[in-house]
Amino acid sequence: EDQVTQSPEALRLQEGESSSLNCSYTVSGLRGLFWYRQDPGKGPEFLFTLYSAGEEKEKERLKATLTKKESFLHITAPKPEDSATYLCAVGASGTYKYIFGTGTRLKVLA
Amino acid sequence: DTAVSQTPKYLVTQMGNDKSIKCEQNLGHDTMYWYKQDSKKFLKIMFSYNNKELIINETVPNRFSPKSPDKAHLNLHINSLELGDSAVYFCASSPSSGSVNEQFFGPGTRLTVL
């Protein structure tokens, strides 16, 4: 069964304290892995798409990487405005579905 | 110029009532989705339409019925509402179902069943 697991469930960082969020996946054939950011009371906002192992994408303080079993979202020198829930999703072969993880709630303290 | 819009933003209703949520996208996308997000923030796919054709129909009660009058609109009608239907419902769109694309989400509709 296709599955996506994110860890940790929640993370508190001091401003400037770098860390990584993990997304582990089990799918029959990975067509793409997506990272989204969700602020309270809003819909998820697209961040990155990764298609193959070894691929990396960067945007400001965020960097996403992909291996054959997991993806990491690295946050470098975070700021309070980076506080949000970060969601990982995968698109698998043979299906139109996107399977989401339960997210990591990130809180960055000033 | 909102990309994906939903109405209403909040919906409070009694058990047993019938209600609808509307969704519109102005991105020119071919594919639209309905997701349910529970209290633990888990996003679960319910339905998807590609060019007005139903392509995903997950195991949801048949009290839920999607309707796509055209490829820019996907509405969700819910009959005989139950307490367990309380959740946030998100509409999303993506360029095509044939390739793997990012999705654009609406602001969500918070449904509360009393």
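Everything below is about the structure printed above this text.
Rules of the game
Residues numbered from 1 in each chain as written. Chains lettered and ligands numbered in written order. Predicted model: local features only at pLDDT ≥ 70, side-chain atom pairs only at ≥ 80, totals over all residues. Heavy atoms only, no water. Helix = DSSP H or I, 4+ residues; strand = E, 2+ residues; numbered from the N terminus. Rg over C-alpha atoms; globule rule 2.2 N^0.38 Å. Contact = heavy atoms within 4.5 Å. Pairing = 2+ DSSP bridges. Axes fitted to C-alpha atoms, helices over the stretch in contact; angles between N-to-C directions. Salt bridge = Lys/Arg side-chain N within 4 Å of Asp/Glu carboxyl O. Buried < 20%, exposed > 50% of the residue type's maximum accessible area, 1.4 Å probe, protein only.

Undergrad: When you look at the overall build of chain B in this model, what are you seeing that I'm missing?
TA: Broken down by element type, chain B carries zero helices and eleven strands. Starting at the N terminus, the α and β elements of chain B follow one another as β-β-β-β-β-β-β-β-β-β-β. For 114 residues, the compact-globule formula gives about 13 Å, and the C-alpha radius of gyration of chain B, at 13 Å, lands near that figure. By its C-alpha atoms, chain B is 40 × 30 × 30 Å across when sized along the principal axes.

Undergrad: Any chance you could explain the environment of B:Gly108 here in plain terms?
TA: Residues and elements named next belong to chain B. Note on placement: Gly108 falls in the loop between strand E10 (104-105) and strand E11 (109-113). Along the chain, Gly108 and Ile21 lie 87 residues apart, while their C-alpha atoms are 9.8 Å from each other. Not counting residues within four places of it along the chain, the set of residues in contact with Gly108 comprises Gln6, Pro8, Lys9, Val88, Tyr89 and Phe90.

Undergrad: I keep staring at the sheet that holds strand E8 (residues 73-78) of chain B and nothing clicks. Help me out?
TA: Consider a sheet: its strands pair through backbone hydrogen bonds, and that pairing is either parallel or antiparallel. Residue and element names in this part refer to chain B. Read across the open sheet, the four strands follow the order E1-E3-E8-E7; overall the sheet is antiparallel. The open sheet is flanked by strand E1 (4-7) and strand E7 (64-70), the only strands paired with a single partner. Adjacent strand axes in the sheet meet at a mean angle of 20° when their direction is disregarded. Here strand E3 (residues 19-25) runs beside E8; their pairing, made up of four bridges, is antiparallel. Each bridged residue has a counterpart across the sheet, and for Glu24 the counterpart in E8 is His73.

Undergrad: Would you explain the pattern of salt bridges in this entry?
TA: Side chains that carry opposite charge are capable of pairing whenever their charged atoms lie near each other. Scanning all chains against the criterion turns up eight salt bridges over all chains. With a shortest N-O distance of 2.8 Å, A:Asp82 and A:Arg61 are connected by a salt bridge. Placement of A:Asp82 in the loop between strand E8 (70-75) and strand E9 (84-92) and of A:Arg61 in the loop between strand E6 (56-59) and strand E7 (62-66) is noted, with a sequence separation of 21 residues between them. A residue is classified by how much of its surface remains accessible, and A:Asp82, at 6% relative accessible area, is buried. A salt bridge links B:Glu58 to A:Lys97; the shortest N-O distance between them is 3.4 Å.

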